[in-house]
Each structure stands twice: as C-alpha cells, then as structure tokens.
Amino acid sequence: MKKVLGLSLISLLVLTGCEKSVVCKGTVEEDGINANIEVKGILENDKISKASATMTFSDETASQSICGMLALVNSFATDSEKINYECNGKTVKLDNYLQMASEEEKKDSYTKDEFIKLMEEEKLTCK
C-alpha cells in the first residue's frame with residue numbers, strides 16, 4: 001500500500017511539475033501604518049511575470065484605507081490596467097502585484113535578480 005501511495009505522489013509531481021517561485025517578506029512602516037507583506041513571484045522560463053501579495057495591516061482602518069485607494073485607482077483605469085484585489089478585515093490580497101510598480105520600473109517580466117532588487121527596494125527580504 002505504501003509503495004502504491006508513493007508511486008502515486010511521484011506521478012502527480014511529474015505530471016503537474018513543481019512550481020518555482022521567489023517569496024519576499026517583510027514588515028513595512030509608513031506614516032504610522034504597519035504592515036506585514038509577503039510577495040510571491042512565479043518563475044516561468046527563468047522570468048517572473050506574475051506576482052501576488054498579501055498585506056496584513058496592524059489595524060482594519062489602515063487596510064480599509066488601502067482598499068479605498070485601490071478602488072479609486074481602478075475607477076480611472078482601463079480593464080487591462082485594473083488591480084485585482086480582495087479586502088478581508090486587516091488583510092489585503094493583490095493578484096497582479098507587479099502592476100503596482102512605478103512606471104519607470106514596470107515591465108512585462110523580470111529576471112529573478114531584477115525581481116529581488118525591486119522587492120529589496122520595498123524593504124522586503126527574498127528567499
């Protein structure tokens with residue numbers, strides 16, 4: 001039975017592949033607002049073109065302020081430029097975090113080193 005289970009798990013990994021990612025974390029404080037941030041960049045063909053983020057704020061008022069700001073930004077954006085986000089209590093999740101990059105830094109994809117540098121500029125530590 002253990003052999004069958006082991007072979008099944010190996011087969012599943014071979015068929016689905018292992019997702020490679022770069023995870024960056026840190027605590028950021030700005031204007032008295034504290035947030036724990038985790039950004040996960042997905043490596044595909046040695047490039048990162050997709051990244052998601054989870055931000056957990058010290059209080060719900062701060063997270064709601066961020067959500068209001070994101071709603072305002074989306075009200076002026078075209079469909080392709082809209083930021084996908086979800087607000088739940090003190091937590092804000094962003095599906096397309098790379099859209100938050102400044103215009104000077106915004107690209108379709110980043111090398112692993114470029115992504116890490118971008119995240120380190122945001123005071124995050126990557127693994």
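Residues numbered from 1 in each chain as written. Predicted model: local features only at pLDDT ≥ 70, side-chain atom pairs only at ≥ 80, totals over all residues. Heavy atoms only, no water.

1. Section: the overall build of the protein
- On a plain count of helices and strands, the protein comes out with 3 helices and 6 strands.
- Element order for the protein, N to C, with α for helix and β for strand: α-β-β-β-α-β-β-α-β.
- In the protein, the share of contacts with a sequence separation of at least 24, taken over all contacts with a separation of at least 6, comes to 46%.
- As displayed, the protein offers around 9,000 Å² of accessible surface, 53% of which is attributable to carbon and sulfur atoms. (Helix = DSSP H or I, 4+ residues; strand = E, 2+ residues; numbered from the N terminus. Contact = heavy atoms within 4.5 Å. Areas by Shrake-Rupley, 256 points an atom, 1.4 Å probe, with all protein chains shown as cover.)

2. Focus on the state of the cysteines
- Within this structure, the stated rule accounts for 2 disulfides.
- Paired by a disulfide, Cys67 and Cys87 hold their sulfur atoms 1.7 Å apart. Taking the sign of the torsion about the S-S bond as the criterion, the disulfide between Cys67 and Cys87, at about -115°, is left-handed. Of the two residues, Cys67 sits in helix H2 (residues 60–76) while Cys87 sits in strand S4 (residues 85–88), which places them 20 residues apart along the sequence.
- We classify Cys67 as buried; its relative accessible area is 7%.
- Going through the protein in sequence order and numbering each bonded cysteine, the pairs you get are 1-4, 2-3. (Disulfide = S-S within 2.5 Å. Buried < 20%, exposed > 50% of the residue type's maximum accessible area, 1.4 Å probe, protein only.)

3. Looking at unusual backbone geometry
- Look at Asn45: it is not a glycine, yet its phi comes out positive at around 55°.
- Checked against the element boundaries, Asn45 lands in the loop between strand S2 (33–44) and strand S3 (47–57).
- Classification of Asn45 by relative accessible area gives exposed; the value is 76%.
- In this structure, Asp46 is a non-glycine residue whose phi angle is positive, near 60°.
- By the secondary structure assignment, Asp46 is in the loop between S2 and S3.

4. Re a nonpolar patch on the surface
- Together, Met69, Val73 and Met100 give the surface a local cluster of nonpolar side chains, amounting to about 240 Å² of exposed area.
- Take Met69: it is sitting in helix H2. (Patch = residues over 30% accessible without salt bridge, like charges linked within 9 Å, V, L, I, M, F, W, Y side chains within 5 Å. Salt bridge = Lys/Arg side-chain N within 4 Å of Asp/Glu carboxyl O.)

5. Overview of the environment of Asp113
- Mapping Asp113 onto the fold places it in helix H3 (residues 112–121).
- The class of Asp113 is exposed, set by a relative accessible area of 62%.

6. Focus: the pairing of strand S5 (residues 91–94)
- Only one face of S5 is buried: it carries Val92 and Leu94, and the other face, with Thr91 and Lys93, is open.
- Bridge analysis of S3 against S5 gives 4 bridges, and the strand direction is antiparallel. Bridge pairing links Thr54 to Lys93 in S5.
- Pairing between S4 and S5: 4 bridges, direction antiparallel. Counterpart to Asn88 in the pairing with S5 is Thr91.
- Taken together, S4 and the strand that follows it, S5, pair antiparallel across an intervening segment of 2 residues, in which Gly89 is found at a positive phi of about 65°. (Pairing = 2+ DSSP bridges.)

Geometry only, nothing functional implied.
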